[in-house]
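# Summary of the model geometry
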Amino acid sequence: DEWLKGMFANQSLDNIVSLNIHEYIHTQQTGYQNRVLNQAIKEGSCDLIAELVMNEFPQRKYISYGMAHEAEIKAQFKKEMFTGNLAEWFYNGRQKGEGADLGYYVGYVISKMYYQNAKDKKQAIKDIIELNYSDNKAVEDFLDKSKFFKEKAVTLVKEYQNQLPYVVKIEPANGSADVSADTKEVRITFSQEMVPGKYSFNLSDKGKEYNPMTKIAGMENNNKTLLVLVDLKPNKEYEFVLTNKGFISKEGRPLRDEKLLIKFKTANK
């Protein structure tokens, strides 16, 4: 197993005890959310508990590497912690080499700072182990209490949301009631440059008979405008849903809106 080879390449097999404690703590945890912040604390807190149980610093390459590159890692984490871009922070030893699995490191530091700032250490351990990772507000409160960042989580969330891409224009205009049945394409323009090939559409509640899409033709306008080919008939309603499950900006950010209903009606010939 390549992951295990990397895990044990530069550490003693005696470290298997600490690793087993780490994995055991996972069996006590609850909840899941596809955000870098949540997953970082979920993984890193297990390393902290292992450290407290064994009373020795954990042998982890990502921790020693993280401590040597603290400022740059923290700055990058602030940019990406509310995204679902887990592959950049976890389980990426083959791709990242020495700089792999740094989400573990950040989560370890956040958890350790939470523990150090707590007056009641026993309660702090309970809080760390029983944190519900499906509850974003609880995770953000945990981050605040750690004092890992100077800013409050609510401020960081707002800053992050303000940086998300969004749809600025749809042609024909969304909601139009007199679209020509000869129209062959719908053009969707975003506020930022997007990654080609990363698309996600769903049928609307009205079903596939209302879906006019025949093909996604690709991006133009410096990857800001998506062309969707359509097949239309006169005097008919059409609608489909654009979602943020696939679309992603060049900077790795998802669309601001989870779902966007695109609808229009064609005119009589």
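Placed above this text is the structure.
The notes below deal with the structure included here. In this text the structure is predicted, and so the values were computed from the model without any measurement.

### Some words on empty space enclosed by the protein
Summed over the entire model, instances satisfying the criterion amount to one cavity of 30 Å³ or more. One number sums up the size of the largest cavity: a volume of about 30 Å³. Along the walls of the largest cavity sit Glu70, Lys74, Tyr105, Val109 and Phe148, which together make up its complete lining. Contributing elements (two or more residues each) for the lining of the largest cavity: helix 5 (70–80) and helix 7 (102–117). Class assignment for the residues of the lining of the largest cavity results in three nonpolar, no polar and two charged.

### Looking at unusual backbone geometry
The residue after glutamate 171, namely proline 172, is reached through a cis peptide bond having omega -5°. With respect to the helices and strands, proline 172 occurs in the loop between strand 1 (167–171) and strand 2 (185–190). We note that aspartate 101 has phi near 60°; this positive angle belongs to a residue other than glycine. Among the secondary structure elements, aspartate 101 is positioned in the loop between helix 6 (93–96) and helix 7. Notably, asparagine 223 is not glycine yet its phi reads approximately 60°, a positive angle. In this fold, asparagine 223 is placed in the loop between strand 4 (213–220) and strand 5 (225–230).

### Things to note about the sheet that holds strand 5
Taken in spatial order, the four strands of this open sheet run 1-2-5-4, and their pairing is antiparallel. On the outer flanks of this sheet lie strand 1 and strand 4, each paired with one strand and no other. Strand after strand, the sheet turns through a mean of 20° between neighbouring axes, direction not considered. Judged from the four bridges that link them, strand 1 and strand 2 form a sheet pairing that is antiparallel. In the sheet register, lysine 169 faces strand 2, and the bridge partner there is threonine 189.

Rules and cut-offs
Residues numbered from 1 in each chain as written. Predicted model: local features only at pLDDT ≥ 70, side-chain atom pairs only at ≥ 80, totals over all residues. Heavy atoms only, no water. 1 Å grid on protein atoms, 1.4 Å probe; cavity = no way out; pocket = protein on both sides within 12 Å on 5 of 7 lines; lining within 4 Å. Points joined across faces, edges and corners; volume = space filled by probe spheres on them. Helix = DSSP H or I, 4+ residues; strand = E, 2+ residues; numbered from the N terminus. Nonpolar A, V, L, I, M, F, W, Y, C, P; charged D, E, K, R; others polar. Pairing = 2+ DSSP bridges. Axes fitted to C-alpha atoms, helices over the stretch in contact; angles between N-to-C directions.

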